[in-house]
Amino acid sequence: MPKLVVIGGVAGGATAAAKARRCCPEAEIVLYDRDYHMSYAG
Ligand SMILES: Cc1cc2nc3c(=O)[nH]c(=O)nc-3n(C[C@H](O)[C@H](O)[C@H](O)COP(=O)(O)OP(=O)(O)OC[C@H]3O[C@@H](n4cnc5c(N)ncnc54)[C@H](O)[C@@H]3O)c2cc1C
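Residues numbered from 1 in each chain as written. Predicted model: local features only at pLDDT ≥ 70, side-chain atom pairs only at ≥ 80, totals over all residues. Heavy atoms only, no water.

Asks: Before we go on, may I ask you to explain the overall build of the protein in this structure?
Replies: The helix and strand tally for the protein stands at one helix and two strands. Taken from N to C terminus, the helices and strands of the protein fall in the order β-α-β. Seen through its C-alpha atoms, the protein measures out along the principal axes to roughly 30 × 15 × 10 Å. Within the protein, the proportion of its 42 residues that are buried is 19%. Considering only contacts in the protein between residues 6 or more positions apart, those separated by 24 or more positions represent 59%. Accessible area of the protein: about 3400 Å², with a carbon and sulfur share of 60%. For the protein, the distance from the average site of its 5 positive side-chain charges to the average site of its 4 negative ones is 6 Å. (Helix = DSSP H or I, 4+ residues; strand = E, 2+ residues; numbered from the N terminus. Buried < 20%, exposed > 50% of the residue type's maximum accessible area, 1.4 Å probe, protein only. Contact = heavy atoms within 4.5 Å. Areas by Shrake-Rupley, 256 points an atom, 1.4 Å probe, with all protein chains shown as cover. Lys, Arg positive; Asp, Glu negative; His and termini not counted. Charge placed at Lys NZ, Arg CZ, Asp CG, Glu CD.)

Asks: Sorry, what's going on with the site of the ligand here?
Replies: Lining the immediate surroundings of the ligand are Ile7, Gly8, Val10, Ala11, Gly12, Asp33, Arg34 and Asp35. Between an oxygen atom of the ligand and a main-chain N or O atom of Ala11, the distance comes to 3.1 Å. For the ligand, the accessible surface in isolation is 1000 Å², of which the surrounding protein chains cover 30%. Considering only residue class, the shell around the ligand consists of three nonpolar, two polar and three charged. (Near = heavy atom within 4 Å. Polar contact = N/O pair within 3.5 Å; in protein donor to acceptor, adjacent residues only side chain to side chain. Nonpolar A, V, L, I, M, F, W, Y, C, P; charged D, E, K, R; others polar.)

All quantities given are derived from atomic positions and should not be read as evidence of function.
Written out as structure tokens, the structure is:
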């Protein structure tokens, strides 16, 4: 199973994670951000 770690949970990070999920539904995707809040829109 592919594994992906994304650093940053705003526009770029959330977009990358969402794209990866669409391309690879079985992937293990972990998204980190140093802040408490993630992008709402992304
Ligand atoms: C004052 C201001 C107003 C703006 N207004 C608008 C607007 O009205 N409309 C609009 O479309 N755009 C606006 N923008 C632009 C928009 O904010 C950026 O284009 C967009 O946020 C860029 O997203 P990004 O994911 O590339 O980077 P960022 O938003 O910088 O996100 C990067 C994330 O990565 C995290 N991070 C970084 N390093 C680490 C690390 N080592 N470990 C963990 N987490 C880490 C940060 O905490 C951050 O949350 C504005 C920008 C500014 C500065």
